[in-house]
Each structure stands twice: as structure tokens, then as C-alpha cells.
Amino acid sequence: MSTTAGVSPDPSRAADHEALLAVRDLTVSYGGLTAVKRVSLDIAPGSVVGMIGPNGAGKTTFIDALMGYTPAQGRIEFLGQRIDQLSVHRRAMLGLTRTFQSLELFEDLTVRENLQVSAEDPKWWTIFLDVIIPNRDVRAPRVDELLDAVGLKNYEDMLPAHLSHGDRQAVSIARAMVSDARLLLLDEPGAGLDRNEKEGLSQLLREVAADGTTIFLIDHDMDLVMPTCDHIFVLEFGELIASGPPDRIRSDPRVIEAYLGTSGDNTEVAAAERAAGEPGGEDR
Amino acid sequence: MGDYLVFALAGMGTGAVYASLGLGVVLGYKGSGIINFAQGAMAMYVAFAFDQLRRTGELILPVIGLPTRIGLGGPAPFPVAFFLALLLAALLGLMVYFFVFRPLRYAPTLAKVVASIGFMIALQAMVVLRFGTANRSFAPVLAAEPIEMLGVQVPRDRLTLGLLTVLMAVALWAFFRFTRFGTATRAAAENEKGAVLLGFSPDVLAAVNWMLATVIAGLAGMLLGGITALDPVTYTLAIVPALGAALVGRFNSFGATAAAGLLIGMGQSVITRLQLDVDWLPTGLRDGLPFLVIIVALVVAGRSLPMRGELSQERLPFANRPKDIPLYAVAGLGVAVVALYITEGGLRLALITSMIGAILCLSLVVLTGFLGQISLAQMTFAGAAGFALSAFSMQMGLPLVVAAPLSAVVAGVLGLLVGIPALRVRGVNLAVVTLGAAVAVEAFIFRNPDYTGGFEGARIPSPTFAGFNLGIGGQGGGDFPRVAFGLFVLTILTLAALAVVNLRKSATGRRMLAVRANERAAAAARINVTWIKLLTFGLASFIAGLGGALLAFRQGQISFESFGVFVSLSLLAAAVLGGISSVSGAIVGGGIVSGGIAFVALDRWLGVGQYQLLISGLALIFTAILSPQGISGAVRDGLDPAAENPNPRKRLAGLGSGERILS
């Protein structure tokens, strides 16, 4: 892996590229409530794309719909193939995976096994071999590499319950990355991380993107989103209200209004302003 | 047509009991989030105590250590006996809640189910010890002279019972709808914190609901006893139709539960009459009806139990990665071979029984320890293999090298079928389905003389391999059981144990544990959750089938009694006691199965054979509360106290996802 931040495609040219993920008119309704309203967007391969929005804007629901956890109307194309009717694990097999805000680690498996499960892709008949020769872990080097990358090498035989929250978050991210998915959907990966850990995370995400994995990231934390992402979407009340590179999003009056308009969530506004005052971010 | 009406109305008697037990189950679940599988056994105890009071004036106490009976100096008149029995019921409910289920408030669903079943086994065993296994017919309680209704003569007591049930349901509904206590219980069922805010302790709520449940169950037991003679097993298993009724009522509605209970009883009665007219109806339909109700309610209508918002949740025991396997395998094999040679007669037979028991426990290690699913029907799969083996070898004349593995495959396929509901339901719902399935398969297949030889049983030829006699007995008597059969069983056990060890270390085993831990995250990690569940059900049932085939060889002749529901429950007891999540646990479990080495030894040296079921029931409750990892886990911790316990008992709320996995 390179140590410098990867150069991603110019987001203004994203529309010209064949999109990795193309979403058209995605709508999610729960009873009378519409959580996501006719959202359409494209994600270019190799980029780091962010989605921000106030609490309850529908960000997590959007990821749930992309992965197939919640029924949705509309069209989702991934690698040029329609996936909106596929089950979750089918979408995952095509190269789409996610992390969860509540982490959802495999609490009954060790840290290493958490990554192994995600890295392996056995066939249905593997079980017949498994009961005779169990240790055929061809993906072990990749697992080791990621355990190193997120600094969990020393904890690999522990159960997740014994790790700090930051380390649990690292397991969650490493577990998603080790699957070699084409597109990673990260749900609040910065939650519970301290400032240093966030900088490390930002750098890791840039590196992963430079290696060709596309990243879609939702987070509250402007300190993480602004410097990390090439392109940002803004969601409010389930609708896409803005889209563009970080500089443009910072100064977009609708975005500022959306953030001010939500019951005075001052920490986020302050974070947005602070990030706006430090062009280019602080971690490079 | 009049005939059918008479049968339908007469069925209100049993229907009323199903309904009352169902109401009790709903009460217990509302109050404490626990499904009381022992509801039928509790009703039986109260009814028998009531009967004893009226006969001899003796109050029979259920607690070991206290005096067995307190004499009142002569038969008690009805009102005295009646109120004493109800008081006893209330006390029983209260004690059970505080000593068994309160300590398990935050335990994983498996522990709750296991404790509930342990209590059911223990109570049933206690009743058999104190009252005997014979049918009891009571002095009638309700007036029984027939009355004219809708143009037919119907016994009055059935109508009275039906009416009482309806009144009870209405009273409960009103109580929960209009009193503060009822509101608080409903709030607690949603969120235990809610009840605290209303000024009620969740403990008090749960205890009162348990007392109410036991009193209602006891009432039904007493009234039914006056109508029809009952034996302990029938009473205890009345929990299956009661669970069906409670499911129709979504473990919430008293009205729907009572109506469903009454209808199941009436339906069974009508089926009895119908079978006189329609001779192609399967013979087991009457006993299988509750299972059909369960399947329709749970799987087709999607009526699973409502979720409870509980304060925190513990996890299933950790499935250790096996270490130093060659060492343990060689040492274990050496000990087993020596033991087979130095023992003889009953002790050697017990050793062989334990080895077969260990194979059966292995099937539960795979299903429950690895996948986290509960099955109360494991002996049903074993039985399917046993009867299939008999059919393949005796009727079709297949050689045993083909017939034996094929019979285990039959068990595997049956497991796949029972596993299909597991795709829709999990946790305690699945326990209910498998319990119903066990009763239904026994009724439809095992008790059908066309398939299984009836009371004569199905015969199994003695196994031979390449000219060697592997059978348990020689040609002209002599050495019994033969060492060769022991070595044959030991070989299969070793292979099965190594396969399960390898499974735990392999990609497939990791996927099972990932599904057990978190189905949502498993799907995002490319795991086909449906496939893993079906695969595991099939594999576990195949292993159970191996055990069943060996059991058939051991007995030479099998009948449905070897594979009944209570045998499945006592197997689960042994597996959990031994340690549900490891191969070593299964080996220990084999030691303590019924007829196994531990009980034979206990009986020989301490003479406690008749207490076997009672002991295993009580031990099961203690395991669920004190040592969820079972004996083998406790020994592992004891041998290596420095090792970090990977499964701290308490976990903070919110972090865990166990609640979603197993509720």
C-alpha cells in the first residue's frame, strides 16, 4: 500500500465514467413515513464519496436499501447489473459490503475469525472437505495484512467483547475491507474514535480507495468527511438536497440551512464551520 | 350429523384444559418473558395433590427435604381440598419463579428453555415418584348428568368446563385491561423499565403472574381429572396443544388463546369420530393436530412471539477452538478401549450406551452449540434412522454397509424438513416447533404399526463387516455385550467427534458461528444464512441418525418408546449438562445420558436409579443458572484459572446483539 493519499478521479468527471453504482429514484417507505424519497445518484469507481445529513435524514436507511436489508422501490445498478431484487448475500457476493453503526461484530468469533469469515468465500460442497481437512485458509495473508493495517495483530485471538470501542470499530472496518469488495458502504465509521484514530482512519480510507476499492461513507463528523471525501451528497428528510465536492458543499446555503434548521444541532454546525475554515483538512 | 355434534361438544372438556394451560402460558410469558414448558406438569401436580387430599387427607409436598406428606387425619371434604390445592398451586408458582426463573432473567433464550424443560422433567419425575405412573380417575367434581342441547344429549360437565374457560378468559382480559396491575404487566412486556415507571417492581409483576398461571392450570387439572382418567405423561404433554393455542393468541390475547384451545380439543374429538367413517385418515391425526396448528400459526401466519424489551442479555456459551486434539484423541481412545475390555455385563453395556449417547449429543453440539438453534426433537431424527435401518435391511434386504449410512441420510433429510420452519422462526419459537414436530412424528409415523411394527417393534439384524461379527450378542448367547460391538461404536464415535472438531476449525464452522452471532452481519459477509441453517440442520440430524442406527443395533429391536419426546428432552438435558458448545462436552454428556455409565454407577453404588429423571431435571436447572458452559466448560475453567474467560457472564446493554439472535 502507498503511504501518500491516493489521487482519485476528478469528481466533476464522475458522470462521464461508467458508474460503479447507479441509483435511480430509490424510495423507502415505512407505513405512512417515507424515509428515503426518490434519491438518484452515481458513484464513480475508485472514489471516496460521503453522505451527510442531520439525524433522521435517512442515511442509514439508504445504505440498508442499497444492501437489501429493507424493501425499497427504484432501480439500483451495480457494475452495470440490476441488483435491487437480489438478497443481501447475493449483493455481497457481487462485491458490495457494509459496516454497521452498531458494528454488529460476530461476538462468538475471535477477532481473527471475524476477518476470516468475511475473507472466505467457500462453495457449498466445501463442508465435505472441511470435516476432513479443516485448515485450508488460503486467504490468511490478506487477513494478516489487514490486522496489521488497523493495528489489531496483537488482539487477533481475543473476543470482540474485550476490545475498546475504537478497536471494535477497527474490527468492523477491517472485516468489511478484507472481503475485497468493490464498494464499501461505511455507516458512521468515525463514531467513538478519538482525533488521532480518525486521522488514521481517514488516511486508511484514502489508501484503500487508491488501491481501487470505492468507498461510500456516511458520518456526522465533518472533520472526517470533509478531508476524506472527493464528493459529498447531502440528505435531508430523505431527499437529496445537494451534491458536489467538499468545497462547494461547505458554502452551499441550503446545506447550512439544513443543518441550522434541525433543532439547533450546534456541534455539527460548529464542526462544519471549523472544517470550512481549514481548507484541505488537517490530516495531510 | 348429531353424532359429530356430540363429539364436538364432548371435546370441550379437553379443550378447556388446553385453553387454561394456554392462558397460563400466556400469563407467564407476559409477566416474565419465559415460556413455561412445565405448565402441564404443574397442572398435573396440583390435580394429583387435590385427588390425594380427597382420598386420604394427605397433603403431598413437592419439595425434597421437606416431609413428603402431611396428614390431615382423614379424607378432606371438597372445599377444603379444593382451596388447599389452589394454595399449593400459588405457592408452587411463586417458588418456581423465584428459585428457577428469576435468576435467569437476563440469560440467553437457550438457558431459559433449558431451565423450563429441566423443571418439566423434574416435576414429572417427582409426580411419578410420589403418585406412581398409573392412570388416575378422580371423584367427579362437576355434575355430569346429560342435558339436551341442540337436539342432542351432552354431558353437562363438558359444557360447564367450556363455559368456565370462556369466563376465565373474559376475567383475565378485563383484569389486564382495566387494572393498574394489568397495565403495568403489559408495559413490562414491552419494556421492563416501563413497569418500573408505573411504580411496580418487575419481580412482583412476574411473581403474581406466575401464581395466577399456576392457579389457573391447577384449576383446569382438577376439573379435568373428574371427567377422564389421566396419567402423568398425558398431562405433561398437554403443553403442546396449549402452546399451539397460545401461539394462535400471539402469546398476548386471552380470548384467542382460549378459543383456540377449545377448538383444538373439540377438533381432536371430532377427528376420533371421523376416523370411524373415513378409514384413510392417518391414525396419528388426533395427536398430530396441535402440531399442524403450531405450524400454521407460526410459519404460515407468521405469528411469532412478541419481542420483549429486556434490560440486558447474556450470550450462549462460547464455542472454544479445540486444541491438542491428537493428544486427547489418543488418550481418550486408549481409556475407552481399556474400559471396554475390563468391564463386563451391565457396566460394559452402560459404557456402550454412553458412547452412543455421546454421538447423539454431538448432533446437538453442531445444531445448538455452533448454529444457536434449539431442537427438542433430536431423538425423533435418531428414531427415523432406526426404523429406516430396519426397513432397509429386513424388508429390502440391503447389506448393512449400505443400509446403515442410508438410514442416517434419511434422518438428515427429515432434519432438513424440520429445519425449513427454522428459516422463518428461531429461538424459543423453534423450540416450540420442534417439540410439536417430535410429538407429531411419533403420532403419525413411530406409533403407526404399518411403518414400525407396533408394540412388537421393528427388528434390526446383527451388524457384520467383511465377515466379522460386530453385533452386540454372539450366536448362542455367551458374552454379552460383546467387545467387538463396543469397538464398532467407538470407531463411529471417534470419526464423528473428529469431524465435529474439524468443523469448528473450518470455514463452514466459522460461518455457522457467524450466523449464530449475527444474521444481518453474516449476510453482508456473503453468507447465505438460509443455506447454512438448512445445512446445519441436515448435518446435525445425520449425526443423530448415526446414533439412532447404533441404538437400533444395540437393541436389536426398537419401538417408538425409545424415541419419544421425553427421551429427546432428557438427551438435551445431558448435552447441556455436559457442555453444549464443545466436543468434550458431548463426551461428558454421553456419560450422563439415561442408561449411561454415570447413572448405572450411581445406581450400583448409591442405589438412586429411580431418581435418575429427577436428578437430571434438577441438574439441568442448576446448569442453566450456574454454569452455562456445562460440566466440561466448568472443568476447563477449573483446570486453567489463569486463562481469560472468553465469555464474561454479564454484558452491557446495547452492545450485544444476542437478543436479536435468539429471541
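Procedures and definitions
Counting restarts for each chain, with residues numbered from 1 along the sequence as it is written. Each chain is given a letter, starting from A, and each ligand a number, starting from 1, according to the order in which they appear as written. For this predicted model, a pLDDT threshold of at least 70 governs which residues receive local features, and a threshold of 80 or more governs which side-chain atom pairs are given and counted, while totals over whole chains, interfaces and linings are taken from all residues. Processing note: side-chain calculations cover all non-hydrogen atoms of the structure and skip hydrogens and water entirely. Starting at the N terminus, helices and strands are each numbered in turn, a helix being any DSSP run of H or I of at least four residues and a strand any DSSP run of E of at least two. Only heavy atoms enter the contact rule, under which two residues are in contact if any of them lie within 4.5 Å. Surface exposure here means Shrake-Rupley accessible area, sampled with a 1.4 Å probe, where a residue is shielded only by the protein chains that are shown. Here a salt bridge means any side-chain nitrogen of Lys or Arg lying within 4 Å of a carboxyl oxygen belonging to Asp or Glu. Remark: exposure states derive from per-residue accessible area (1.4 Å probe, protein chains only) relative to the maximum for the residue type, with buried under 20%, exposed over 50%, and partly exposed in between. One bridge is not enough; two strands pair if DSSP finds at least two bridges between them. Note on geometry: axes are lines fitted to C-alpha atoms, helical ones only across the stretch in contact, with angles between N-to-C directions running from 0 to 180 degrees. Nonpolar cores were defined as sets of buried Ala, Val, Leu, Ile, Met, Phe, Trp, Tyr and Cys residues, with membership established by side-chain atoms within 4.5 Å. Where a domain begins and ends is set by an automatic assignment or by a domain database. Small angles under 35 degrees read as roughly parallel and large ones over 145 as roughly antiparallel, with 65 to 115 read as roughly perpendicular and the rest as oblique. Left-handed describes a crossing whose near helix is turned anticlockwise from the far helix through less than a right angle; right-handed describes the clockwise counterpart. Each residue gets one label: Ala, Val, Leu, Ile, Met, Phe, Trp, Tyr, Cys and Pro are nonpolar, Asp, Glu, Lys and Arg are charged, and the others, such as Gly, are polar. Without a salt bridge and with relative accessible area above 30%, a residue can belong to a patch; like charges are then joined within 9 Å and nonpolar side chains (Val, Leu, Ile, Met, Phe, Trp, Tyr) within 5 Å.

Colleague: Help me understand the overall build of chain B, please; the structure alone is not making it clear to me.
Modeller: Scanning chain B for helices and strands turns up 29 helices and eight strands. When contacts within chain B are restricted to residue pairs at least 6 apart in sequence, those whose partners lie at least 24 apart make up 76%. Per element, the accessible surface of chain B, about 24,900 Å² overall, is 67% carbon and sulfur.

Colleague: Explanation requested: the pattern of salt bridges in the structure shown.
Modeller: Charged atoms that come close allow side chains of opposite charge to pair. Per the stated rule, a full pass over the model turns up 29 salt bridges over all chains. One salt bridge connects B:Arg510 with A:Glu120, and the closest N-O pair in it is separated by 2.3 Å. With B:Arg510 in helix α21 (residues 507-517) and A:Glu120 in the loop between α3 (111-119) and α4 (126-130), this residue pair bridges two chains. A residue is classified by how much of its surface remains accessible, and B:Arg510, at 4% relative accessible area, is buried.

Colleague: I would appreciate a short explanation of the pairing of strand β1 (residues 21-30) of chain A in the present structure.
Modeller: The two faces of a sheet get side chains in turn, since along a regular strand they alternate between them. Residues and elements named next belong to chain A. Sheet topology note: the β1/strand β2 (residues 33-43) ladder contains seven bridges and is antiparallel. Within β2, the position partnered with Tyr 30 by the bridge is Leu 33. Turn length for the β1-β2 hairpin, with the two strands adjacent in sequence and antiparallel, is two residues, and the turn residue Gly 31 shows positive phi of about 60 degrees. Judged from the five bridges that link them, β1 and strand β4 (residues 73-78) form a sheet pairing that is antiparallel. Bridge assignment links Arg 24 to a residue of β4, and that residue is Arg 75.

Colleague: Which parts of the structure should I look at to understand the sheet that holds β4(A)?
Modeller: Two strands in a sheet stick together by hydrogen bonds in their backbones, pointing the same way (parallel) or opposite ways (antiparallel). Residues and elements named next belong to chain A. Spatially, four strands are ordered β2-β1-β4-β5 in an open sheet, and the strand pairing comes out antiparallel. Of all strands in the sheet, those with a lone pairing partner are β2 and β5 (81-82), marking the two edges. Pairing geometry for β4 and β5, over two bridges, is antiparallel. Note on β5: the bridge partner recorded for Phe 78 is Gln 81. Running over the sheet, helix α1 (residues 59-67) touches β1, β2 and β4 and is turned about 115 degrees from β1.

Colleague: Before we go on, may I ask you to explain the nonpolar core in this structure?
Modeller: Within soluble globular proteins, side chains that are nonpolar generally end up buried alongside one another. Within the largest apolar cluster, 242 residues are counted, with the highest numbers of intra-cluster contacts made by A:Phe62, A:Phe216 and B:Phe37. The leading source of residues in this core is helix α5 (residues 109-131) of chain B, at 15 residues. Mapping this core onto the domain boundaries places at least three of its residues in each of domain 1 (2-300) and domain 2 (338-646) of chain B. By size, the runner-up hydrophobic cluster in this structure holds 44 residues, among which are A:Ile52, A:Ala176, A:Leu184 and A:Val208.

Colleague: Could you clarify how one ought to interpret the packing of α5(B) against helix α27 (residues 612-626) of chain B in this entry?
Modeller: The geometry of a pair of packed helices is captured by two quantities: the angle between their axes and the separation between those axes. Residue and element names in this part refer to chain B. The N-to-C vectors of α5 and α27 enclose an angle of 155 degrees; their axes lie 7 Å apart at closest approach. One way to sum up the angle between α5 and α27 is to call them roughly antiparallel. The hand of the α5/α27 crossing is left-handed. Contacts between α5 and α27 involve Ala 111, Val 114, Ala 115, Ile 117, Gly 118, Phe 119, Ile 121, Ala 122, Ala 125, Met 126 and Leu 129 on the former and, on the latter, Leu 613, Leu 614, Gly 617, Leu 618, Leu 620, Ile 621 and Ala 624. Here the residues of the contact of α5 with α27 are counted per class, giving 16 nonpolar, two polar and no charged.

Colleague: Can you walk me through a nonpolar patch on the surface in this structure?
Modeller: Residue and element names in this part refer to chain B. A cluster of nonpolar side chains, contributed by Val 401, Val 402, Leu 406, Val 409, Val 413, Leu 417, Ile 420, Leu 423 and Phe 465, occupies part of the molecular surface with about 750 Å² of accessible area. The element that contributes the greatest number of residues to the nonpolar patch is helix α17 (residues 400-424), accounting for eight residues. Judged by its relative accessible area of 30%, Leu 423 is partly exposed.

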